[in-house]
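Read off the chains here:
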Amino acid sequence: MSDFKLIQQLETRLWSAADNLRANSGLTAQEYSRPVLGLIFLRYAEYRFSEAKKRLEAKASTRRRRSGGDIRTLIQAEGAMFVPDEALYSSLLELPEDRSVGLAVNAAMKALEAENEAIKDALPKTYTRFEDDILKDLLKTFAGIRFDLGTDVFGRIYEYFLNEFAKSEGQGGGEFFTPSPLVRLITQVLEPYHGKVFDPACGSGGMFVSSAAFVEEHNRNASDELSIFGQEKTGDTVRLSKMNLAVHGLQGDVREGNSYYEDIHRCAGAFDYVMANPPFNVDKIQKERLEDDKKRFPFGMPRNDNGNYIWIQMFYAALNKTGRAGFVMANSASDARGSELEIRQKLIETGAVDVMVAVSSNFFYTVTLPCTLWFFDKNKQEQNTDAKDGGSTDNAGAIASKDNVLFIDARHIFRQVTRAVRDYTSEQLTFIANIVKLYRGEQPDHTFVENHPDDNNDGSWSLDSYFPEGKYKDIAGLCKVATLDEIEAQGWSLNAGRYVGVAQGEEEHDEDFAAKLEALQEELEVLNASARQLEQKIGLNLSKILEAV
């Protein structure tokens, strides 16, 4: 059985146990979520701490004398938090019967914060609200989590619980947690080796963790190479993000604030990398408060009631002169008309739009929504005709220039994990990322697929099969480099399907119809999410009325 399915079974089992206990706690999902995630965090912190200690002991055994430095510093240098004895999860499992479990867990959280400045005031300390029997059952349930299954098990479980809690509370329309395969693909294309990384809608910090993993897999120290900056509109999510960073041995400047109205990090021109999954199709933004901010919104406000092009401008403006951005966006933004088309044209004419990747539906856990990955690169050069003709340059074979955009139609590239969920094998993900590298004239990078072996890697997405000469070429149905003139002829559309076409032998289909159908599906998903939210509010209000009668 694949790691994905093993982890999925684990998630379901953990959630079922946790939700049953919630039903007996008398607490709402919101009141329950942070303490539960806090316990998972404590369990994972001890796992990382133990693994770091083992590595240190192995290193010490190969030397005559142990290296200097205090244990806290050495553990943190291994990418883990220092966990004092009183904060060990395993100690909580062995508490005497006469000890208050709630008080002991609160004390463990305080002790962990005291040793790790990065999570100061981030951990929940409300465990005395739970009955001891409920806490004991939760501790036993989470003790069974196997963090050695695959990679980033903590992130997967964390994301799953956040999703389930969000559904319980009524998830806001247009807000969907980012699937880890898309986060990894964005990271592989951006190549954040060194510099300042910014996510103005950072959620639980998954983009930062993925960036750090990329750096570590390329044999560098993430803490030395990356500076992390995040913003998130709710305080609880900011605390979750800090916890997620800390448990991965990272530090960052993550602050609470609404990114539409609060420019906390003075972001214009400040960052080397911007990564984000903003909420889609947000309405009722107070644009009159933003229209004078030409630094963050240089192309003006869209006249329609939709926030997509407010976010897109924010990402573009936050990059420095050599910066790159990668973000998830609603499909409809690629073809939007009216004032959004005018903004898109200005953006394309800057030459910074680098790559567009159309993604299949069913990558999100909770909705079937398809989406597009957008990539900007402000360091693209003027068109190099020698390179395009195969001439000798520093980046021999490079086609990327300010005069063109690479479109990849990856809607047919996926692994069907369950009936409702798709993802990428490491081979598929590496294949897509390496198409971009060929377009840039870079050597293919197989680090990810080598570090993440997968039973489903069967060689069918080998780069050599599609690009036998080791150079980029347009392939019908897969990829196409379009010039700005070609994009203008398509009404400044950034819809990959308009350029890539279909492979030989495949049935031709109407791209306009497909785009409209996808836009309608997107709208339906958002409306369904809003309907679920309203249904819960109505039910809650009816209950209050009935109680008062």
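Residues numbered from 1 in each chain as written. Predicted model: local features only at pLDDT ≥ 70, side-chain atom pairs only at ≥ 80, totals over all residues. Heavy atoms only, no water.

**Q** Just checking my understanding: could you explain the overall build of the chain for this structure?
**A** Looking only at helices and strands, the chain has 20 helices and 11 strands in total. Within the chain, buried positions represent 54% of all 549 residues. A separation threshold of at least 6 residues defines the contact pool for the chain, and within that pool the share at least 24 residues apart is 73%. When the accessible surface of the chain is split by element, carbon and sulfur atoms take 46% of a total near 24800 Å². (Helix = DSSP H or I, 4+ residues; strand = E, 2+ residues; numbered from the N terminus. Buried < 20%, exposed > 50% of the residue type's maximum accessible area, 1.4 Å probe, protein only. Contact = heavy atoms within 4.5 Å. Areas by Shrake-Rupley, 256 points an atom, 1.4 Å probe, with all protein chains shown as cover.)

**Q** Quick question: what am I supposed to make of the side chain of Asp445 here?
**A** Position of Asp445 among the secondary structure elements: in the loop between helix 15 (426–440) and helix 16 (447–451). Lys437 provides the closest opposite charge to the buried, unpaired Asp445, separated from it by 4.8 Å. Polar contacts involving the side chain of Asp445 include one to the side chain of His218, which spans 2.6 Å. Among the polar contacts made by the side chain of Asp445, one reaches the side chain of Thr447 at a distance of 2.5 Å. Those residues in contact with Asp445, other than ones at most four positions away along the chain, are Tyr193, His218, Thr430, Asn434 and Lys437. (Lys, Arg positive; Asp, Glu negative; His and termini not counted. Salt bridge = Lys/Arg side-chain N within 4 Å of Asp/Glu carboxyl O. Polar contact = N/O pair within 3.5 Å; in protein donor to acceptor, adjacent residues only side chain to side chain.)

**Q** How do you make sense of a nonpolar patch on the surface when you look at a structure like this?
**A** Together, Leu534, Ile538, Leu542 and Ile545 line one region of the surface with nonpolar side chains, adding up to about 390 Å² of accessible area. On the secondary structure map, Leu534 appears in helix 20 (residues 511–548). (Patch = residues over 30% accessible without salt bridge, like charges linked within 9 Å, V, L, I, M, F, W, Y side chains within 5 Å.)

**Q** I'm lost on the nonpolar core in this one. Help?
**A** Considering soluble globular proteins, one finds that nonpolar side chains tend to be buried as a cluster. The biggest cluster of nonpolar side chains holds 57 residues, and the ones touching the most others in it are Leu406, Ile408, Tyr424 and Tyr472. It is helix 15 that provides the largest number of residues to this core, a total of 8 residues. Not counting chain neighbours up to four residues away, the residues in contact with Ile408 comprise Val355, Met356, Val357, Ala358, Ile432, Ile435, Val436, Leu478, Cys479 and Ala496. (Core = buried A, V, L, I, M, F, W, Y, C linked by side-chain atoms within 4.5 Å.)

**Q** Hey, could you run me through the side chain of Asn404 in this one?
**A** By secondary structure assignment, the location of Asn404 is in strand 8 (residues 404–410). Beyond its immediate stretch of four places on either side in the chain, Asn404 contacts Val353, Lys380, Ile399, Tyr439, Val481, Ala482, Thr483 and Leu484.

**Q** Mind showing me how you'd approach the environment of Leu14 here?
**A** Take Leu14: it is sitting in helix 1 (residues 3–25). Under the relative-accessibility criterion, Leu14 is labelled buried at 0%. Distance in space between the C-alpha atoms of Leu14 and Ile157 is 8.8 Å, their sequence separation being 143 residues.

**Q** Would you mind going over helix 11 (residues 235–247) with me for this structure?
**A** What sets the pattern is the α-helix's 3.6 residues per turn: residues three or four places apart point alike. End to end, helix 11 covers 19 Å across 13 residues, agreeing with the expected 18 Å (1.5 Å per residue, within 8%). Summarising burial for helix 11: 10 of the 13 residues are buried, a large majority. Considered for burial, the residues of helix 11 that qualify are Gly235, Thr237, Val238, Leu240, Ser241, Met243, Asn244, Leu245, Ala246 and Val247. With its phi angle positive at about 75°, Gly249 sits one or two positions after the end of helix 11. (Expected span 1.5 Å × (residues − 1).)

**Q** Got a minute to help me understand the sheet that holds strand 4 (residues 271–276) in this structure?
**A** Consider a sheet: its strands pair through backbone hydrogen bonds, and that pairing is either parallel or antiparallel. Reading across the sheet, the 9 strands line up as 3-2-1-4-5-7-6-8-11 and stay open at both edges, with mixed pairing between neighbours. Unpaired on one side and paired on the other, strand 3 (252–256) and strand 11 (479–483) mark the two borders of the sheet. Recorded for the sheet is a direction-independent mean angle of 15° between the axes of neighbouring strands. As paired elements, strand 1 (residues 195–199) and strand 4 share 2 bridges and run parallel to each other. By the bridge assignment for strand 4, Val197 is matched with Tyr273. Along the sheet, helix 11 makes contact with strand 2 (226–232) and strand 3, crossing strand 3 at roughly 165°. (Pairing = 2+ DSSP bridges. Axes fitted to C-alpha atoms, helices over the stretch in contact; angles between N-to-C directions.)

**Q** What exactly am I supposed to notice about the packing of aromatic side chains here?
**A** Centre-to-centre distance and the angle between the planes together describe a pair of aromatic rings. One pass over the full model with this rule turns up 24 aromatic pairs. Measuring from ring centre to ring centre gives 6.3 Å for Tyr309 and Trp374, while their planes differ by 80°; the resulting arrangement is edge-to-face. You can see Tyr309 sitting in helix 12 (residues 308–318) and its partner Trp374 sitting in strand 7 (residues 371–377), a full 65 residues away along the chain. What makes Tyr309 buried here is its relative accessible area of 0%. (Phe/Tyr/Trp six-rings, centres within 6.5 Å; stacked < 30°, edge-to-face > 60°.)

**Q** Looking at this structure, I do not really get the environment of Leu112. What am I missing?
**A** With respect to the secondary-structure elements, Leu112 resides in helix 5 (residues 101–115). In this structure, the C-alpha to C-alpha distance between Leu112 and Ala45, residues 67 residues apart in sequence, is 9.3 Å. Apart from residues no more than four positions distant in its own chain, Leu112 is found in contact with Phe41, Leu42, Ala45, Met81, Phe82, Val83, Pro84, Ala87, Ile119 and Leu123.

**Q** Looking at this structure, how should I read the pattern of salt bridges?
**A** A side chain with one charge can pair with a side chain of the opposite charge if their charged atoms come near. Enumeration according to the criterion identifies 25 salt bridges in this entry. Across the salt bridge formed by Lys54 and Glu51, the nearest N and O atoms sit 3.3 Å from each other. With Lys54 and Glu51 both in helix 2 (residues 29–61) and 3 residues apart, this pair spans about one turn of that helix. Accessibility expressed as a relative area gives 26% for Glu51, which makes it partly exposed.

**Q** Help me understand the packing of helix 8 (residues 180–190) against helix 15, please; the structure alone is not making it clear to me.
**A** For any two helices packed against each other, one specifies the inter-axial angle together with the distance between the axes. Packing of helix 8 against helix 15 leaves a shortest axis separation of 9 Å and a crossing angle of 20°. Taken together, helix 8 and helix 15 sit at an angle that is classed as roughly parallel. Remark: the crossing between helix 8 and helix 15 carries right-handed chirality. From helix 8, Pro181, Arg184, Leu185, Gln188 and Val189 reach across to helix 15, where they touch Leu429, Ile432, Ala433, Val436, Lys437 and Arg440. (Parallel < 35°, antiparallel > 145°, perpendicular 65-115°, else oblique. Left-handed = near helix turned anticlockwise from the far one by under 90°.)

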